[in-house]
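A closer look at the structure
Residues per chain are reported as follows:
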Amino acid sequence: MLDTDIRTAPLVDEDEPKGRFNRRRVIRVVAILTIGILAVLAVWQDPLYAGH
């Protein structure tokens, strides 16, 4: 039978601090926003219907 009264510590990567904002998250968000903006600008410059 499984004893459910024992709590184990959550598995947390030792390299990442426990703060809300860290460098890795900021870089990820900036990269996603940059790629999104570039994709919108690329479609805006050469829309799919331009050949008609």
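Worth saying up front: this structure is predicted, and the values here are computed from it rather than measured.

Let us now look at the overall build of the chain. Regarding its fold elements, the chain presents one helix and zero strands. Among the 52 residues that make up the chain, the fraction classed as buried is 2%. Counting only carbon and sulfur atoms, one obtains 63% of the accessible surface of the chain, whose full area is about 5800 Å².

Cross-referencing UniProt, the feature "transmembrane region" (unreviewed entry) maps to residues 26–44 in the present numbering. Between the C-alpha atoms that bound residues 26–44 there is a distance of 27 Å. The span itself is 100% helix and 0% strand.

Our focus in this paragraph is a nonpolar patch on the surface. On the surface, a nonpolar cluster with roughly 650 Å² of combined accessible area is contributed by Val-29, Leu-33, Ile-37, Leu-38, Leu-41 and Trp-44. With respect to the secondary-structure elements, Leu-33 resides in helix 1 (residues 23–45). Since its relative accessible area comes to 53%, Leu-33 is described here as exposed.

Rules behind the numbers
- Residues numbered from 1 in each chain as written.
- Predicted model: local features only at pLDDT ≥ 70, side-chain atom pairs only at ≥ 80, totals over all residues.
- Heavy atoms only, no water.
- Helix = DSSP H or I, 4+ residues; strand = E, 2+ residues; numbered from the N terminus.
- Buried < 20%, exposed > 50% of the residue type's maximum accessible area, 1.4 Å probe, protein only.
- Areas by Shrake-Rupley, 256 points an atom, 1.4 Å probe, with all protein chains shown as cover.
- UniProt positions renumbered as here; feature names shortened; annotations may be inferred.
- Patch = residues over 30% accessible without salt bridge, like charges linked within 9 Å, V, L, I, M, F, W, Y side chains within 5 Å.
- Salt bridge = Lys/Arg side-chain N within 4 Å of Asp/Glu carboxyl O.

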